[in-house]
Amino acid sequence: MNIGIIESYCNGFLEIVPESDYWQIVAIHINGHAYCPTPRLYRSEKVALAKAAQIYDWLADSEGEISNGVYYCSELKLILWQQTKVS
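Treat the numbers as computed from the prediction; the structure is a model and nothing was measured.

Undergrad: Would you explain the nonpolar core in this entry?
TA: Burial of nonpolar side chains together is a common tendency in soluble globular proteins. Counting residues in each nonpolar core, the largest one holds 22 residues, and the members touching the most others are L14, I16, I25, I28, I55, W58 and L59. Apart from the residues within four sequence positions on either side, L59 is in contact with I28, I30, Y35, I66 and L80.

Structure (structure tokens):
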């Protein structure tokens, strides 16, 4: 049983999980922060990881644009919200 994948990417990592016959991006972790995208299902693990990498790259260039923890990215057509840290 596959419970999910955490893959290193640049200075962070990508987190995806299987959902029936599809995959969902759970979070993109960058600079000690976790960002969650709008829930979407992808047909394969490879496609989900590629999309997560695209989101990571956008975040690396635009992290300062996310205010109040939520941002609509028109370029990627999704909403990103910053997951709060648990102490």
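Undergrad: Even after reading the chapter, I still don't get the side chain of H29, so can you show me in this structure?
TA: Relative to the helices and strands, H29 is located in strand 3 (residues 22–30). For H29, a relative accessible area of 16% corresponds to the buried category. Among the polar contacts made by the side chain of H29, one reaches the side chain of E15 at a distance of 2.8 Å. Those residues in contact with H29 that sit more than four places away from it in its chain are G12, F13, E15, A34 and Y56.

The rules we used
- Residues numbered from 1 in each chain as written.
- Predicted model: local features only at pLDDT ≥ 70, side-chain atom pairs only at ≥ 80, totals over all residues.
- Heavy atoms only, no water.
- Core = buried A, V, L, I, M, F, W, Y, C linked by side-chain atoms within 4.5 Å.
- Buried < 20%, exposed > 50% of the residue type's maximum accessible area, 1.4 Å probe, protein only.
- Contact = heavy atoms within 4.5 Å.
- Helix = DSSP H or I, 4+ residues; strand = E, 2+ residues; numbered from the N terminus.
- Polar contact = N/O pair within 3.5 Å; in protein donor to acceptor, adjacent residues only side chain to side chain.

Shape is all these values report; function is a separate question.
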